[in-house]
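Read off the chains here:
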Amino acid sequence: MVKETIDSLDPDYDIFKKLKLKSCYFWGSIVQSKKTNTSFSLTSESLVSDLSEEQLISLLVEGWGKSKREVIASTAEDCAVIQTEKKELYYLFKMDATVENVHFDPSTPPEWIGRKALARALSDIASMGGEPLYALICLGVNRTEKVEKIKQLYKGLTDLARAIGTDLIGGETTESNQLFLVVTVWGKTDGYKPILRSGAEDGDALFVTGVLGGSYDSGHHLLFIPRIKEGQWLAKGQWAKAMMDLSDGLATDLPRMAKASNIGFEIDYEAIPVRKNYGLHNALTDGEDYELLFSVAKEKEINLIKNWPFEVPIKKIGTFSKNGKMEFQDGYRGFDHFQKSRGDY
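As the structure is a prediction and not an experimental result, all values here were calculated from the model.

**A short note on the pairing of strand 9 (residues 205-209)**
Phase 1: With 5 of 5 residues buried, strand 9 lies mostly within the body of the structure.
Phase 2: Here strand 9 shows no split at all, with Ala205, Phe207 and Thr209 on one side and Leu206 and Val208 on the other all buried.
Phase 3: Summarising the sheet, strand 9 and strand 12 (residues 292-296) pair through 4 bridges and their orientation is antiparallel. When the sheet's bridge partners are listed, alanine 205 is paired in strand 12 with valine 296.
Phase 4: When strand 9 meets strand 13 (residues 314-321), the two strands line up antiparallel, connected through 5 bridges. Paired with threonine 209 across the two strands is isoleucine 314, which belongs to strand 13.

Right, here's the structure in full:
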């Protein structure tokens, strides 16, 4: 009966059947992702919590097919990158969700929630050396929520957008059992190429901005400043060869850069800048630091340090090496949404 109903509504039902069968091929087998070069076991009883965030993403995008020629980067990078017809004009697109009981506690001041929602997406634009242009905001809110709280939430968001110079141009609202914001930012690099994760090479120095660890207890995860100016300077001056922002912790994000660049790394643990009153484990695993992690050619190291024009410090924490490791070998693991490592709120 169901088939007859679909058949009568859709003359292309045969195509529908093929797509449906194709989407179910993996049950009881090993999934091999061509896009991420990873494999993992999956059955019809598998749960999302059985997968890492990267495994889930690779599964979801596997059927997307090849992107158009102008798509320079997509799911494997901090932003999607589109090359325009104008020489060295690239558009950057980023979407980020900020969800109650995942990214903030219900008692968090609403202005800080709104600020963080936009700042998270801006940090990804910064990680490619981009200039954020426009933002769209989707709000999910319970109908019993107080209007004043939502007004304050949008005030925090609007104040940051005004300070950065990003125009808020629209969005969506929907009823939801829990509060959330989804922010989409459109940015650009004009006259220079965006910096991808995949540009690190053997011998490159590995640098990080700021200090790491203790983001939650210190409130840094709510009030951090996206490193937009720093990212643009690194990209325009061709200092950085690979770059990303640290959102899930150094222990998770550095291996992502190494895999994207197909090069191992060697870490100087004593050189890692740790937030005061916190330890190395925090710096590696806490996440939501929103600092820049980037590689620099060995011959540019000294001049980078000498010419660095910003108050936020930079620190060399290691090197990329063909003899290095692709993962941390000391049991350190950063944050994963589906394999919680810093606990629920």
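**Overview of helix 9 (residues 250-261)**
Residue pairs spaced three or four apart in an α-helix point in one direction, given the helix's 3.6 residues per turn.
Phase 1: Taking 1.5 Å per residue, 12 residues should reach 16 Å; helix 9 reaches 16 Å between its end C-alpha atoms and fits that length.
Phase 2: Within the sequence span of helix 9, burial applies to Leu250, Ala251, Thr252, Asp253, Leu254, Pro255, Arg256, Met257, Ala258 and Ser261.
Phase 3: After helix 9 finishes, the residue asparagine 262 shows a positive phi value of roughly 55°.

**Topic: the pattern of salt bridges**
Phase 1: Scanning the entire structure with this criterion turns up 18 salt bridges.
Phase 2: Here arginine 120 ties to aspartate 96 by a salt bridge, and the two come within 3.3 Å at their closest N and O atoms. With arginine 120 in helix 4 (residues 110-126) and aspartate 96 in strand 5 (residues 89-99), the pair connects residues that are 24 residues apart, well separated along the chain.
Phase 3: The class for arginine 120 is buried, based on a relative accessible area of 9%.
Phase 4: Judged by its relative accessible area of 11%, aspartate 96 is buried.

So, how was this worked out
Residues numbered from 1 in each chain as written. Predicted model: local features only at pLDDT ≥ 70, side-chain atom pairs only at ≥ 80, totals over all residues. Heavy atoms only, no water. Buried < 20%, exposed > 50% of the residue type's maximum accessible area, 1.4 Å probe, protein only. Helix = DSSP H or I, 4+ residues; strand = E, 2+ residues; numbered from the N terminus. Pairing = 2+ DSSP bridges. Expected span 1.5 Å × (residues − 1). Salt bridge = Lys/Arg side-chain N within 4 Å of Asp/Glu carboxyl O.

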